[in-house]
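# Structural overview for review
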Amino acid sequence: QYKNAVRTVLNEAFRQGYIKQLPVFKDEYNTKKNEMSRPWFNPTEYRRLHRSIAAHANYLKKRDKLQFQHAMELYDYVMIATNTGMRVGELRNCKISDIRVEVEKESGKEYLVIRNIVGKRGTGTCQSYYGAVKPFREILKRRRIKNPSKCDEKLFLIHHRVMFNEILKKKGLKITNTNPPQTRDFVSLRSTYICFRLLNGVPIYEIANNCRTSVAVIQEHY
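A brief report on the enclosed structure follows. Position numbers for residues count from 1 along each chain, tracking the sequence in the order it is written. Local features in this predicted model are restricted to residues whose pLDDT is 70 or higher, and side-chain atom pairs enter the listing and the counts only when it is 80 or higher, whereas totals over whole chains, interfaces and linings include all residues. The side-chain figures draw on all heavy atoms in the structure; neither hydrogens nor water molecules are used.

### Describing the packing of helix α3 (residues 43-60) against helix α7 (residues 161-170)
To keep it simple, the criterion reads: Only the stretch in contact is used when fitting a helix axis, every axis being a line fitted to C-alpha atoms; angles between N-to-C directions are given from 0 to 180 degrees. In this description a helix means any DSSP run of H or I spanning at least four residues, a strand means any run of E spanning at least two, and both kinds are numbered starting from the N terminus. Crossing handedness is defined as follows: a turn of the near helix away from the far one that is anticlockwise and smaller than a right angle gives a left-handed crossing, while the clockwise case is right-handed. Residue contacts are defined here by distance: any two heavy atoms, one from each residue, within 4.5 Å place the two residues in contact.
Where α3 meets α7, the closest approach of the two axes is 10 Å, and the angle between their N-to-C directions is 115 degrees. Helix-helix and strand crossings are classified by hand; for α3 and α7 the assignment is right-handed. Taking contact as the criterion, the partners of L49, S52, I53 and H56 in α3 are, on α7, M163, F164, I167 and L168.

### Observations concerning the packing of helix α4 (residues 65-84) against helix α6 (residues 133-142)
Which entries qualify depends on this criterion: Angle categories: roughly parallel below 35 degrees, roughly antiparallel above 145, roughly perpendicular from 65 to 115, and oblique for all the rest. Throughout this entry, Asp, Glu, Lys and Arg are counted as charged residues, while Ala, Val, Leu, Ile, Met, Phe, Trp, Tyr, Cys and Pro are counted as nonpolar. The remaining residues, Gly among them, count as polar.
The contact between α4 and α6 brings their axes to 9 Å, and the two run at 150 degrees. One element, α4, and the other, α6, form an angle in the roughly antiparallel class. You can see that α4 and α6 cross each other, and the crossing is left-handed. Taking contact as the criterion, the partners of Q69, M72, E73, D76, M79 and I80 in α4 are, on α6, P135, F136, E138, I139 and R142. Across the contact of α4 with α6, the residue classes break down as 6 nonpolar, 1 polar and 4 charged.

### A short note on unusual backbone geometry
Trans peptide bonds make up most of the peptide bonds, and negative phi angles are found at most residues other than glycine. Selection rule: Exposure is judged per residue with a 1.4 Å probe applied to protein chains only, and the accessible area is read against the type maximum: over 50% gives exposed, under 20% gives buried, and values in between give partly exposed.
The step from N179 to P180 runs through a cis peptide bond, and the omega angle for that step is 5 degrees. On the secondary structure map, P180 appears in the loop between α7 and α8 (187-199). The phi torsion at R144 lies on the positive side, around 55 degrees, for a residue other than glycine. Looking at the element boundaries, R144 is found in the loop between α6 and α7. The phi angle at R212 is positive, at roughly 55 degrees, despite the residue not being glycine. Of the residues examined, R212 reaches a relative accessible area of 10% and is grouped as buried.

Put into structure tokens, the structure is as follows:
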């Protein structure tokens with residue numbers, strides 16, 4: 001833990017230009033860590049995933065209204081999952097009344113605060129990234145929910161695992177290009193959130209806290 005704190009300070013110093021080179025910690029990269037890394041969608045793959053789900057929804061729009069609604073909910077699921085880092089089970093149990101839209105004072109941007117998250121470590125809270133607000137509002141609009149604070153309906157009505165996997169296979173996104181190849185599923189959306197936040201320089205402690213996990217788990221798998 002002490003080493004993580006030192007690493008966080010040094011990374012920030014490097015970003016701000018106070019130091020020109022980062023020291024290498026001997027245990028930072030090793031074979032075990034690489035073998036246990038979890039599959040995610042890199043930025044290019046993530047854009048392909050978005051376009052593929054949107055195209056699938058557009059295809060269904062005039063052919064099957066029910067499946068079209070399912071595809072739209074899947075799109076919102078992907079957006080919220082990759083902007084909150086919530087686990088699959090947490091998203092499945094999340095209720096609309098657990099979610100509030102709040103405004104960041106510094107930037108004026110909106111984000112979601114999700115409470116009563118029941119997961120592996122008991123009940124917790126999550127603060128989303130900005131991209132989760134629009135899909136949340138789309139869900140409210142599509143289901144005509146006027147008072148979300150008093151709505152105890154589930155955030156997602158159906159678990160769209162089959163449709164998601166079909167799109168991944170069709171677009172060549174199911175299997176990673178890594179060696180050895182890995183299989184992507186809904187869990188990869190949480191991994192994508194964590195990786196994106198790490199790439200954006202968010203401190204590992206902050207990510208771990210928001211994902212209701214430990215720093216050690218993120219270090220081991222990411």
